[in-house]
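# Coordinate inspection notes
Letter by letter, the chains look like this.
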Amino acid sequence: MAKGQRRRLKPVKLWKELPILFGVALLLALVIKTFFVQAYFIPSQSMQHTIEPGDRVLVNKLTPWFGWTPERGQIVVFKDPGGWLDPSEIKKDNAFVGGVKKVFSWVGLLPEGNEQDLIKRVVGVPGDVVQCKGVGQPVTVNGVPLDEHSYLYRGVDGQLDDPSQTPFGPITVQPHTVFVLGDHRSDSGDSRVHLQEASQGLVPYSDMQGHAFVRIWPLTRVSGLGTPSTFSLKNPAQAAQSAATVPPVLWGLTLAVPLRAGSLRRRRRAGAFLPDPAGVTNRLRGRLGTERPLG
């Protein structure tokens, strides 16, 4: 090629480019679905009205890879720990429809509709003691009653679900497990239903898929799925324990700063009203006739 001539780029044919683009898109979709977020279709009524049947939610799957542990109040998706789902109630499509749905869900083009997964709200984490004394009584965590009015199911008559229709507990949540309840307590097969099993109704961390953080469908109900404020409350013993764990040097600084500021403020105020010592000395000497110039 002669000096100064530019090589013309040949246009890439679309039919050759499309398979590459599709392959890259498919790979990215699989990576995102596997390690980052995944959409789930909710078929059950156990989380009404927070999540309605037919809603789609996004589940954060990234956090479990970085040592995430479920927190009180979070809504989590988890695999059936064993015997929670009735096989006779699992709906099955015909082979063709089921195959298409499975492929589309696998690549992330459809929300996951795996009816072997469940979605509930975490109420107790390892070390917590969860209890309810029956109808009309609140669920308590470490002796602190939960205020669940903001998310418990309300019927068509506006009547709020009881926190539990039957008494349970006290149940101590074991290490690496959580105690879960549905928001629609009268229609939720949650930890309460499986208390008599060897697991005591507790869900192990190993079954966790991640936590649901936003509702994306329908568009009229798009919103975040945050943690209710009641789960941040502590009883007096826990508050005292938390305070005791603060390093002494921080307590010292907390007390020393305002004390020192007050001391300096008092000194400045006193200095504004006290006469200058040198001026007082000169006036006294003048009156006594012994004034000497200051050099």
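Please refer to the structure higher up on the page.
Residues numbered from 1 in each chain as written. Predicted model: local features only at pLDDT ≥ 70, side-chain atom pairs only at ≥ 80, totals over all residues. Heavy atoms only, no water.

A word on the overall build of the chain. Counting secondary structure elements, the chain contains 5 helices and 12 strands. Among the 295 residues that make up the chain, the fraction classed as buried is 31%. By sequence separation, contacts in the chain at least 24 residues apart represent 73% of the contacts at least 6 residues apart. With an accessible surface of roughly 19,300 Å², the chain has 62% of that area assigned to carbon and sulfur atoms. (Helix = DSSP H or I, 4+ residues; strand = E, 2+ residues; numbered from the N terminus. Buried < 20%, exposed > 50% of the residue type's maximum accessible area, 1.4 Å probe, protein only. Contact = heavy atoms within 4.5 Å. Areas by Shrake-Rupley, 256 points an atom, 1.4 Å probe, with all protein chains shown as cover.)

Next up on the list: a nonpolar patch on the surface. On the surface, Ile216, Trp217, Leu219 and Val222 cluster together to form a nonpolar patch covering roughly 390 Å² of accessible area. As for its position among the elements, Leu219 is in the loop between β11 (208-217) and β12 (223-224). (Patch = residues over 30% accessible without salt bridge, like charges linked within 9 Å, V, L, I, M, F, W, Y side chains within 5 Å. Salt bridge = Lys/Arg side-chain N within 4 Å of Asp/Glu carboxyl O.)

Next up on the list: the pairing of β11. Among the 10 residues that make up β11, 7 are buried, leaving the element largely enclosed by the rest of the structure. Summarising the sheet, strand β2 (residues 56-60) and β11 pair through 5 bridges and their orientation is antiparallel. By the bridge assignment for β11, Val59 is matched with Ala212. With 4 bridges connecting them, strand β3 (residues 75-79) and β11 associate as antiparallel partners. By the bridge assignment for β11, Phe78 is matched with Met208. Between the antiparallel neighbours β11 and β12 lie 5 residues. (Pairing = 2+ DSSP bridges.)

An order of β7-β6-β5-β8 is seen for the 4 strands of this open sheet, with the pairing classed as antiparallel. Among the strands making up the open sheet, the edge pair consists of β7 (144-145) and β8 (168-172). Pairing of strand β6 (residues 140-141) with β7 involves 2 bridges; the strand directions are antiparallel. For Val141, the partnering residue across the bridge sits in β7 and is Val144.

Within the structure shown, the criterion is met by 5 salt bridges. The closest approach of N and O atoms between Asp55 and Arg221, which form a salt bridge, is 2.7 Å. You can see Asp55 sitting in the loop between β1 (37-41) and β2 and its partner Arg221 sitting in the loop between β11 and β12, a full 166 residues away along the chain. Ionic pairing is found between Arg192 and Asp190, a salt bridge with its closest N-O pair at 2.8 Å.

Let us now look at the nonpolar core. With 17 residues, the main nonpolar core has Val123, Val130, Val139, Leu146, Phe168 and Phe179 as its most contacted residues. Sorting the residues of this core by element identifies β5 (129-132), β8 and β9 (177-181) as the ones contributing at least two each. Setting aside its immediate chain neighbours within four residues, Leu146 contacts Val123, Pro138, Val139, Val141, Thr230 and Phe231. (Core = buried A, V, L, I, M, F, W, Y, C linked by side-chain atoms within 4.5 Å.)

A few words on unusual backbone geometry. Residues Gly169 and Pro170 are joined by a peptide bond in cis, for which omega reads 5°. With respect to the helices and strands, Pro170 occurs in strand β8. The step from Trp217 to Pro218 runs through a cis peptide bond, and the omega angle for that step is 0°. Structurally, the position occupied by Pro218 is in the loop between β11 and β12.

Another aspect to go through is the environment of Arg215. With respect to the helices and strands, Arg215 occurs in strand β11. Remark: the alpha-carbon pair of Arg215 and Tyr40, spanning 175 residues in sequence, is separated by 9.6 Å. In contact with Arg215, not counting residues within four places along its chain, are Thr50, Asp55, Arg56, Val57, Arg221, Val222, Ser223 and Leu225. A polar contact of 2.6 Å, which involves the side chain of Arg215, links it to the side chain of Ser223. (Polar contact = N/O pair within 3.5 Å; in protein donor to acceptor, adjacent residues only side chain to side chain.)

What follows deals with the packing of aromatic side chains. Per the stated rule, a full pass over the model turns up 3 aromatic pairs. Look at Phe78 and Trp84: their rings are 5.8 Å apart centre to centre, the planes differ by 85°, and that puts the pair in the edge-to-face class. Exposure class is identical for Phe78 and Trp84. Each is buried. A centroid spacing of 5.6 Å and a plane angle of 20° characterise the contact between Phe168 and Phe179, whose relative ring orientation is stacked. Of this pair, Phe168 sits in strand β8 while Phe179 is found in strand β9, placing the two residues 11 residues apart along the sequence. Judged by its relative accessible area of 0%, Phe179 falls in the buried class. Taking NZ or CZ as reference, Arg121 lies 4.3 Å from the ring centre of Tyr151, over its face. (Phe/Tyr/Trp six-rings, centres within 6.5 Å; stacked < 30°, edge-to-face > 60°. Lys NZ or Arg CZ within 6 Å of the ring centre and 35° of its normal.)

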